[in-house]
Structures are given as structure tokens and as C-alpha cells.
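# Observations on the three-dimensional arrangement
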Amino acid sequence: MPENTDPTPHQHAATMAYTWAQRAEDHHTKADTARARAAEHEDPRGTYAVRLLQQHEADITRHTEQATTAQNMAQMWARVATAQPT
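Residues numbered from 1 in each chain as written. Predicted model: local features only at pLDDT ≥ 70, side-chain atom pairs only at ≥ 80, totals over all residues. Heavy atoms only, no water.

A word on the overall build of the chain. Helix and strand counts for the chain stand at 2 helices and 0 strands. Restricting to contacts in the chain with at least 6 residues of sequence separation, those with at least 24 account for 76%. Approximately 6500 Å² of the chain is accessible, and the part contributed by carbon and sulfur atoms is 54%. (Helix = DSSP H or I, 4+ residues; strand = E, 2+ residues; numbered from the N terminus. Contact = heavy atoms within 4.5 Å. Areas by Shrake-Rupley, 256 points an atom, 1.4 Å probe, with all protein chains shown as cover.)

Next up, the structure:
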């Protein structure tokens, strides 16, 4: 009979925590990149620069929100991974 190679619930939760933590880091990086791009256009001269700045600000907001969500999910999965069975 083959061995059961399915992950335990704690192993699965630990994997999910790690995955969500990676997503959070990725979105923090994207938000930082958008901040740097926005800084390049802080002195808008013309409609195109204003549009770019607005897009960068929207990217910052979106990625910051996604990073927060991913970070919360990582924390939740970490709690599940370390929970003691009842």
C-alpha cells in the first residue's frame, strides 16, 4: 500500500502562510516601485505628467491594499499552522 504523501493540515497551513507572505512582499515591492515613479513626476508639467502621477498614486494605493490583504492572510495561515489540535 502506498504511503500517504498528502501534507498534514499544519504543513498545508504553513505553506499557505509562506505563499501569502511572498505575495505581500511582492505587492510591497510594487508599491515601492510606484512610489519611486511618482517621485519622478512630482513636479508635473503638462497633462501627460499629471496622468502619470495619478496612475502611480493609484498603483501605490492598489498594491498597498493588496499587500495588506496578503499580509493578513499570511498571518491567519501562520496561526493555523501553529495551532494546537483541540
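Having put the structure on the table, let's press on.
If you walk through the whole model with that rule in mind, you get 3 salt bridges. As a salt-bridge pair, Asp 26 and Lys 30 come within 3.4 Å of each other at their nearest N and O atoms. One end of the pair, Asp 26, and the other, Lys 30, are both in helix 1 (residues 9-40), 4 residues apart, so they sit about a helical turn from each other. We classify Asp 26 as partly exposed; its relative accessible area is 37%. A residue is classified by how much of its surface remains accessible, and Lys 30, at 37% relative accessible area, is partly exposed. Taking the shortest distance from any N to any O, the salt bridge between Arg 62 and Asp 59 comes out at 2.9 Å. With Arg 62 and Asp 59 both in helix 2 (residues 47-82) and 3 residues apart, the pair spans about one turn of that helix. When its relative accessible area of 37% is taken as the criterion, Arg 62 is described as partly exposed. (Salt bridge = Lys/Arg side-chain N within 4 Å of Asp/Glu carboxyl O. Buried < 20%, exposed > 50% of the residue type's maximum accessible area, 1.4 Å probe, protein only.)

Taken by themselves, the reported measurements are silent on function.
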